[in-house]
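Structural overview
Below, each chain spelled out in residue letters.
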Amino acid sequence: MKKRGISLFLCTAMVTALLAGCSSGNQNTQATAAAAAGNAASTAAAGNDGVYAMISKAAGNPYNERQAMGFQEVCEKLGVKYVIKHPESASAEAQITMVNELVAQGVNSMAVAGNDYDALQPALSAAERAGIKVCSFDSSVNPDSRMVFVNQAGNNEIGETLMDAILDISGGEGQWAILSATSQATNQNAWIEAMKKAMEDPKYARLELVEIAYGDDEYQKSVDQTQALLQNYPELKVICAPTTVGIMAAAKVLQDEGSACKLTGLGLPSEMADYIGTDKSCPYMYLWNPIDVGRLTAYVSVALVDGSITGAVGETFTAGDMGNYEIVAASDGGTEVIVGPPFKFDSANIDEWKSVY
Amino acid sequence: MAGKSGRSIAITKPRSWKQTLFTWESILVIIFILVNIMNACISPKYLSVPGLFNATSSFLEKAFIVLPMACILIMGDIDISVGSTVALSAVFMAMSYNAGVPMGVAILICLLTGTVCGFINGMILARFTELPPMIVTLATQIIYRGIAEICLGDQASGGLTKVAWFSNLYWGSLGPVPYMFIVFVILAVLMGLLIHKTTFGRYLYAIGNNRVTAQYSGIAVQRIRCIVFTMTGTFCAITAIFLAARMGSTRSNIAVGYEMEAISMVVLGGISTAGGKGRFPGAIIAIFIIGFLRYGLGLINVSSQVMLVIIGGLLVLAVMLPKLNFKELLKNKKYI
C-alpha cells in the first residue's frame, strides 16, 4: 500500500514536472521573442504594438517555410510582433483550430494560406467580427472570408509566359504536352486554362497540344506519365510541367534517356539545378520567389491594420523596398495583389538561386 | 463496484482495482487543474466563461467518438476506421444537400451512413470472430476513405453555410453555452449510465475481461460487439455533422487521424486496451485534459510538432503509470 502510494506520488510529480517544464520553456521562448521584437522596435524607432499572424499550409513544406521567412524578415525590419503557425497536417481543421487560438490571443491581423477554399469561412468570419484583419496568400480562401489575396502571379501572366517559352523552345512548331499535378488542383487548372486561352493567338497556331497528363504530384507517377508521353508521341518537342514535382520527375527522365524532347514549366531552383542549361533537359523554367510572397504578405497585413488599405479595388500602398502595389480585382470576385511576373531561371542565374530556395 | 444487479463480474479483486482507479482519476483531475492553471497564466482572457467555452469548442466535435470508443476498448476491441467513417458520412451529407435534398434529410442520411459503416464493421467482426478487429477496421478505414475520395475526388462539397441553423449547430449557443456542448453533456451522461449502471455495461466489462467465459456465461458476446460497433458508427456521424457545421463544407480528407486521437484520450482516461479495465469518467476528463492542453499550447504558439511530442509523452506516462510497481521492480532486477 505504502509503496503504491509512493509510486503514485512520484508519477504525479513526473507529470507535474513535464507540464511545468513545457510551460516554463514556452514562456522563455515567448519572452525572448518579445525581447527580440522589443529590441527591433527600439532600433527601428517606429514602435507598433500590433501582433501580425501568419498560418501556413503545413509544417515541413519548404515552399511555405520560405514564405514564412519573408514574412518574418519584414516584421523584424518594421519592429512589430509576429506569430507564425504551421499546422501539423495540411488540413482545414488544423487551420481552423489555429484561427481560433489566434482570435483568443487577440492578434491584429491574420494571413492564411488556405488548405480549403470554403471551409475556413466560418472561422475567418468570426475572426473578422473580432476586429482582426484577414488576408490570404499562396492559396486563397473565398472572397467572403478575406479582405485581399496576395497572389504570387496572375494566372493569365503565367499562361502567356509559359506559352512563349514553349514557342521559343520548340522552334515555333510541333507537338507538345502538359504534365500537370492532379486533375482537380485549382491552381493547375487555372494555369492550363490560361495557356489554352493564350494559344488562341495566331502566333501559336503551329503548336499542337497533344495531351494533358496527370502525375498527381507524386514523383513515381510523374516519371511513368513522362515515359508514356515519350512513347506515345515520338515527335514530341516540348513538355510543360507547371508543378514542382512533375517538372523534376520529367527532367530526370528526359536527361537519363537523352531525349530530344525538352522541358519547361514551374520548378524549384534547388531541385532543378542539375537539369537546367542549354545542353540539358530543361533550357529554362519559371517560378516566383516565395520569400517575396511572404514579404508582401507582411506589408499587406501592416497596411490593413493601420487602415491605409481596406482591400478595395484601386487602392495603392507602398511595400517598403518592394515598391508600390495596387489592389486589383481577382477572377473569383474578390480582390488581390499580384506579387510580380514569374521569374525566369536559366543557366546564367541558376547557380545563384539554387542555394536560396 | 457491483452494478445494480448486485454481482461483480470483474475477475480481479474488486477492492484493489477500485482503489487504483480511484487514485488514477484523481491524478487526472490534478493534471486537468494544472493544465488550466497553466492556461490561465498564459492568457489573461482564458479564465472567462466565453474563453473556456471557446476552448472546449475547439476540440469537442472529436470527443463524440471518444464515448463509444471507450465501450470498444472496455470490450478489448479496437476500431481504427472512425476517422474514415466521419469523412464518408460528412461527404454523403454534403453531396446529398448539394443534390437538392433538404438539410434535415441530409443529416438523416449522414447518421444513416455512419450507422451502416459501423454496422458493416460489427457484422464482419461478429460473423468471423477469428478476425482481429485491428485488421478488419484497418481495411474498412481504407475502404470508407476510398469511397469518399471516389465521390468527391480532390474537390470540396460546400455551401452548407447557406443553411443558418446548420452552421449554428457548431457556432450557435444558448447563452454562453454552445449547443454542441449541451449535446455532448447529454450523450456523455447517457453513455456513462449505460456503461456503469446497466447490465449491458456489465456485459462489456465481462467480455473485456474474458470473452470465452462471458460466452459460456450466456452473454451474447457477438451480438453485443455488433451493437457497440454500430453505435460507434452513429457517433462518428454526429462528429461529422458538427465538423461540417464548423467548416461549412466537406472534402474527402477531413478527420484524418481522429481514430488515434480518440484512442489516446480513452487510454489516457485509464481504460486499458487489453479490455475490462477502467472507468468512463476517466475518459471524459482525459478529453478535456488533451483538449485544453492543446488549446493552451496553441495560445502560446508552441509549434505543432512540439505539441505532438508533449501529448505523446503524456500518453506514454499514462500507459506506464498503472503498470509501475516498485516492489516488483526491486525484486526482479531483470526488469531494470
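Definitions and limits used
- Residues numbered from 1 in each chain as written.
- Chains lettered and ligands numbered in written order.
- Predicted model: local features only at pLDDT ≥ 70, side-chain atom pairs only at ≥ 80, totals over all residues.
- Heavy atoms only, no water.
- Helix = DSSP H or I, 4+ residues; strand = E, 2+ residues; numbered from the N terminus.
- Buried < 20%, exposed > 50% of the residue type's maximum accessible area, 1.4 Å probe, protein only.
- Contact = heavy atoms within 4.5 Å.
- Areas by Shrake-Rupley, 256 points an atom, 1.4 Å probe, with all protein chains shown as cover.
- Axes fitted to C-alpha atoms, helices over the stretch in contact; angles between N-to-C directions.
- Parallel < 35°, antiparallel > 145°, perpendicular 65-115°, else oblique.
- Left-handed = near helix turned anticlockwise from the far one by under 90°.
- Pairing = 2+ DSSP bridges.
- Disulfide = S-S within 2.5 Å.
- Expected span 1.5 Å × (residues − 1).
- Arc of directions from axis to C-beta.
- Nonpolar A, V, L, I, M, F, W, Y, C, P; charged D, E, K, R; others polar.

**Describing the overall build of chain B**
Scanning chain B for helices and strands turns up 14 helices and two strands. Across the 336 residues of chain B, 55% fall into the buried class. A sequence separation of at least 24 residues applies to 77% of the contacts in chain B between residues at least 6 apart. For chain B, the exposed surface amounts to about 14100 Å²; the carbon and sulfur share of it is 69%.

**Observations regarding the overall build of chain A**
Broken down by element type, chain A carries eleven helices and 15 strands. In chain A, which comprises 357 residues, the proportion classed as buried is 51%. About 14700 Å² of surface is accessible on chain A, with carbon and sulfur atoms providing 50% of the total.

**Remarks on the environment of Lys 162 of chain B**
All names here are of chain B. By the element assignment, Lys 162 lies in the loop between helix H5 (133-152) and helix H6 (164-171). The exposure class assigned to Lys 162 is exposed, which follows from its relative accessible area of 67%. Measuring from C-alpha to C-alpha, the distance between Lys 162 and Gly 114 comes to 24 Å, with 48 residues separating the pair along the chain.

**Things to note about the packing of helix H3 (residues 92-105) of chain A against helix H12 (residues 280-299) of chain B**
Two elements in contact, H3 of chain A and H12 of chain B, have axes whose closest approach is 9 Å; the angle formed by their N-to-C orientations is 60°. Taken together, the axes of H3 of chain A and H12 of chain B lie oblique to each other. Crossing hand, H3 of chain A versus H12 of chain B: right-handed. On H12 of chain B, the residues that touch Glu 101, Ala 104 and Gln 105 of chain A of H3 of chain A are Arg 294, Tyr 295, Gly 298 and Leu 299 of chain B.

**A word on the sheet that holds strand E7 (residues 207-214) of chain A**
In sheet architecture, strand pairing relies on hydrogen bonds along the backbone and comes in two forms, parallel and antiparallel. Residues and elements named next belong to chain A. Pairing in this open sheet of four strands is parallel, and the strands run E7-E6-E8-E9 from one edge to the other. The outermost strands of the open sheet, each flanked by one partner alone, are E7 and strand E9 (262-265). Here the average twist between neighbouring strands, direction ignored, is 25°. Bridge count between strand E8 (residues 238-241) and E9: four bridges; the pairing is parallel. Paired with Cys 240 across the strands is Thr 264, a residue of E9. On top of the sheet, helix H5 (residues 155-170) reaches strand E6 (174-180), E7, E8 and E9; it is set at about 165° to E9, its chief contact. Across the sheet, helix H7 (residues 219-232) touches E6, E7 and E8, and the angle it forms with E7 is around 145°.

**A short note on the state of the cysteines**
Scanning all chains against the criterion turns up zero disulfides over all chains. The closest cysteine sulfur to the non-disulfide-bonded Cys 135 of chain A is located on Cys 75 of chain A, 11 Å from its own sulfur. Among the residues examined, Cys 135 of chain A registers a relative accessible area of 1% and is labelled buried. Here Cys 151 of chain B is not cross-linked by a disulfide; its sulfur's nearest cysteine counterpart is in Cys 117 of chain B, at 11 Å. Assessed through its relative accessible area of 30%, Cys 151 of chain B is described here as partly exposed.

**Thoughts on helix H7 (residues 179-197) of chain B**
Side chains three or four residues apart in an α-helix point the same way, a direct result of the helix having 3.6 residues per turn. Residue and element names in this part refer to chain B. When the terminal C-alpha atoms of H7 are compared, their 26 Å separation across 19 residues agrees well with the 27 Å that a helix rising 1.5 Å per residue should span. Along H7, the positions that sit buried rather than exposed are Met 180, Phe 181, Phe 184, Leu 187, Ala 188, Met 191, Gly 192, Ile 195 and His 196. Buried positions in H7, seen along its axis, are confined to an arc of 145° and lie on one side of it. In H7, those exposed residues whose orientation departs by more than 90 degrees from the buried face are Leu 190 and Lys 197. Next to the buried residues of H7 lie helix H2 (49-74), H6, strand E2 (177-178), helix H8 (199-209), helix H10 (221-247) and H12.

**Quick look at H7 of chain A**
All names here are of chain A. Between its first and last C-alpha atoms H7 spans 20 Å; for 14 residues at 1.5 Å apiece the expected length is 20 Å, and the two agree. Of the residues making up H7, those classed as buried are Ser 222, Val 223, Thr 226, Leu 229 and Leu 230. Seen from one end, H7 has its buried residues packed into an arc of 125°, which puts them on one side. Where H7 is buried, its residues touch E6, E7, E8 and helix H8 (244-257).

**Things to note about the packing of helix H11 (residues 258-268) of chain B against H12 of chain B**
All names here are of chain B. One can describe the packing of H11 onto H12 by two numbers: an axis separation of 7 Å at closest approach and a directional angle of 120°. Classified by the angle their axes make, H11 and H12 are oblique. For the crossing formed where H11 meets H12, the hand is right-handed. Residue-level contacts link Ser 264, Met 265, Val 266 and Leu 268 of H11 to Ala 283, Ala 286, Ile 287, Ile 289 and Ile 290 of H12. When its residues are assigned to classes, the contact of H11 with H12 shows eight nonpolar, one polar and no charged.

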